[in-house]
Every structure is written in C-alpha cells, then in structure tokens.
Amino acid sequence: MSSALQNDLYLRALMREPVERTPVWVMRQAGRYLPEYLAVRKQAGDFMTLCSTPELACEVTLQPIDRFNLDAAILFSDILTIPDAMGLGLHFVAGEGPKFSKPIKSRSDVDKLPNLDAGTDLRYVMDAVSLIRKELNGRVPLIGFSGSPWTLATYMVEGSGTKDFSKVKGMLYGDTEAMHALLNKNAIAVTNYLNAQVAAGAQALMIFDTWGGVLSPDSYREFSLHYMQQIVDGLTREADGRRVPVVLFTKNGGRWLSDMADTGCDGLGVDWTIDLADAKQAVKGRVALQGNLDPSVLYGSPERIRNEVKKVLDSYGTDPGHVFNLGHGIHQFVNPDNLGVMVEAVREYSTR
Ligand code: CP3
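One structure accompanies this document, and this report is about it. (Residues numbered from 1 in each chain as written. Predicted model: local features only at pLDDT ≥ 70, side-chain atom pairs only at ≥ 80, totals over all residues. Heavy atoms only, no water.)

**Observations concerning the site of the ligand**
For the ligand, the set of nearby residues contains 24 residues, the closest of which are Arg 28, Tyr 37, Arg 41, Thr 210 and His 328. In this structure, an oxygen atom belonging to the ligand sits 2.6 Å away from a side-chain N or O atom of His 328. Contact with the protein chains hides 89% of the accessible area of the ligand, taken as 890 Å² for the molecule alone. Those elements giving two or more residues to the shell around the ligand turn out to be helix H2 (35–44) and strand S3 (97–100). Looking at the shell around the ligand residue by residue, the classes come out as 14 nonpolar, 6 polar and 4 charged. (Near = heavy atom within 4 Å. Polar contact = N/O pair within 3.5 Å; in protein donor to acceptor, adjacent residues only side chain to side chain. Areas by Shrake-Rupley, 256 points an atom, 1.4 Å probe, with all protein chains shown as cover. Helix = DSSP H or I, 4+ residues; strand = E, 2+ residues; numbered from the N terminus. Nonpolar A, V, L, I, M, F, W, Y, C, P; charged D, E, K, R; others polar.)

Structure, rendered in structure tokens:
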C-alpha cells in the first residue's frame, strides 16, 4: 500500500509494547481552533462538502501533523456520515450543530432504513482514507473511526443534539424492540464501514461512544456496550501483516472500563473525570489506555499546562500501554500555541 511506517509509537503503545516516549495525538486535532483549517473550510463552503471532498479532507487531516508533529493522524470526517448515507437528510445549522430533516420516529422508520454498502455508499470516505495514506507516506499511522450504534441512534432519533435525550430514551423504554432493531442496523453498518476503512488503508480504529455515559449501568450494557461488542467481534483485526488495534471511547464511562476491556478491544479512551491510575487498576493490563487531560487545561498558562501534563503522565506511570490525548475533543477557542506546549511537554517528560 505505501512505504513502511517511520513512526509506529502509537501502534506499539496500543499493543502495550515498550516505547521510547509516550505517543500523543488529540481528538478533533483538525478543527476550528486552527486558522489553516478555517481557511480550507471557507474554501469548501460548508462542513459536509469538506468531508466529502477527498483532497480537502486529506489536506485538513495533515494540517495538525505538519504543525505539531503528532504521532497519529485521524481521518477527517464525521460520525454522522452513516445516517446521512441512510437518507436522513443531514445538514449543519451554523451555531446549532447537526440536524436531520427525516429523524427516526417509529419502528416502521427503522425498518425502512437501507442496508449500507460503505465501499460504494460512502465511497468518498474510502477515497479520503486512501489519499491520506498516500500523502502521509508512512510518517505516522492513520486512525479510522465511527460513532457507536447508540451515539448514532441519539442523533438519528432526536434529529439533532440534545440535553435531555427524551426522544431517544423515550424509544428505548417505550418501544424497546424498535430501539434494538435500530441499534442492530447501526452495528451492522458500523462494522461494514470500519472494515471498508481498513481495506482502504486505516491502520487503527476508534469508536466514539460520546453519549453512552448518559445511560444507567444496565442500559449501558444492553444498549451501548452490547452493540460495540458485536462490532469488535466483526472487525478485520489485521492488515498488511500488522494488528489493526481497536479503541473504544465512552465519554463519562469511567465506571464501566472493566466491562469495556472484556470486549476484546485493544485500547480504551478515558475522559478526565477519572485518574489514569484508577483506570489502570480497573482494566488490569488487559488493554492500553488513551487520555486524559481535561481539554480546558489548554486555556491555562504554559506553566500550568506543563504541570497538568506531568500529572497525567505520572498517574499512568512508566508501564507500557499509554497513548496521551485529551479526555475529549479540543475546544474551538483554544490558542493553537497552547497545544504546542502540551505536545512538547509530553515529549520532554515521557522520554525514557
Ligand atoms: O478528531 C478528529 O480530528 C477527526 C474528525 C472528527 C470530527 N467529528 C470533525 C468535526 C471526529 C472524530 C468527529 C466525531 C464526532 N462528530 C462526534 C464524536 C466525537 C466526540 O466529539 O465525542 C460527534 C458527536 C460528532 C457530531 C458532530 N459533528 C457535532 C456535535 C459537531 C459540532 C457542530 C457544531 O457546530 O459545533 C460536528 C461538526 C464537526 N465535526 C466539526 C469538526 C471539525 C466542526 C464543524 C465545522 O467546521 O464547523
């Protein structure tokens, strides 16, 4: 596919192999805090055009790698490409976030959802993946991603972002069978989508379960974790003779890390509401951990940022299996120079 990897720290850390220093990347690393991103988005006209134009998606994917020398690139796209391809009518309203013109309201809406063939129905994503791999030319590995079935369902049923999750939880408790039918369709689509990304060149996979943490422990297992398990079981785990690690991230899921580790994934994303030392105790060496600096730390002074980075690194300790990241996506009003301070601090303090 392309030349050998020059920097495989990220893949080795996820396999819990010893590394010379802790690898670092950042969720939403290509985004609105970067002036060069805003310039390309302006050129594209709108966000979905940016996602669906492989040359532009490739360009913004590489921007943070060029600026900060991060240890992994993540495909520039969005989790909502799947429901968009299913025909729900995705659009982004400035200042209000994503909206669907045809949200899922009933069992019959669920039954009408098409079965996706990601290689053709989401061809633009696969074209972006192959182009990014070519342009990266082995500098760092490329992460592919998807939303979790439950997180996708929240947007598909609510029709937008939400604070109380009343519609989607209304369906979960009011028509449980319809909810399971929807989650099953999403799980099949996500598995197919992620495997197509691996076939196109993705070298690691991440599943964003942004809203699993709003569920009760029982509901989390039944409606979110169960379907992530189904996906993990169906994924291509090797490509080009190398393991394709899978990372699960449930925001606010610190209580469930042990159950998540049981899925057979390779790594878990951890947000800042739990200490990495405690997270490590919970997973008992079964998986690697990714995280977990509070994104708001990047509003602090350089000195404060360095201090907080050191605390995260110390909390994990020197055992293998740590990928440094924020505990969630970088905020749009952060000064990019402060991310530079963070990355440098990770390099400096973690070099063995
Ligand atoms: O991490 C990366 O750099 C890869 C790119 C990426 C984006 N979205 C780009 C994006 C990834 C991994 C996502 C995932 C995503 N999208 C999630 C799950 C991850 C998480 O943060 O927990 C969710 C819930 C979405 C849905 C979504 N897309 C929302 C809520 C928004 C914000 C809308 C707004 O106006 O604030 C988006 C848009 C989006 N996706 C942006 C980016 C850079 C900003 C769009 C812009 O340029 O205006």
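**Section: the pairing of strand S5 (residues 204–209)**
Counting buried residues along S5, 6 of its 6 residues qualify, which places the element largely inside the surrounding structure. Burial along S5 is two-sided: the residues Ala 204, Met 206 and Phe 208 and Leu 205, Ile 207 and Asp 209 are all buried. Taken together, the 5 bridges between strand S4 (residues 142–147) and S5 define a ladder with parallel strand orientation. Across the sheet, the residue bridging to Gly 147 is Phe 208, located in S5. Taken together, the 5 bridges between S5 and strand S8 (residues 246–250) define a ladder with parallel strand orientation. Across the sheet, residue Asp 209 finds its bridge partner in S8, namely Thr 250. (Buried < 20%, exposed > 50% of the residue type's maximum accessible area, 1.4 Å probe, protein only. Pairing = 2+ DSSP bridges.)

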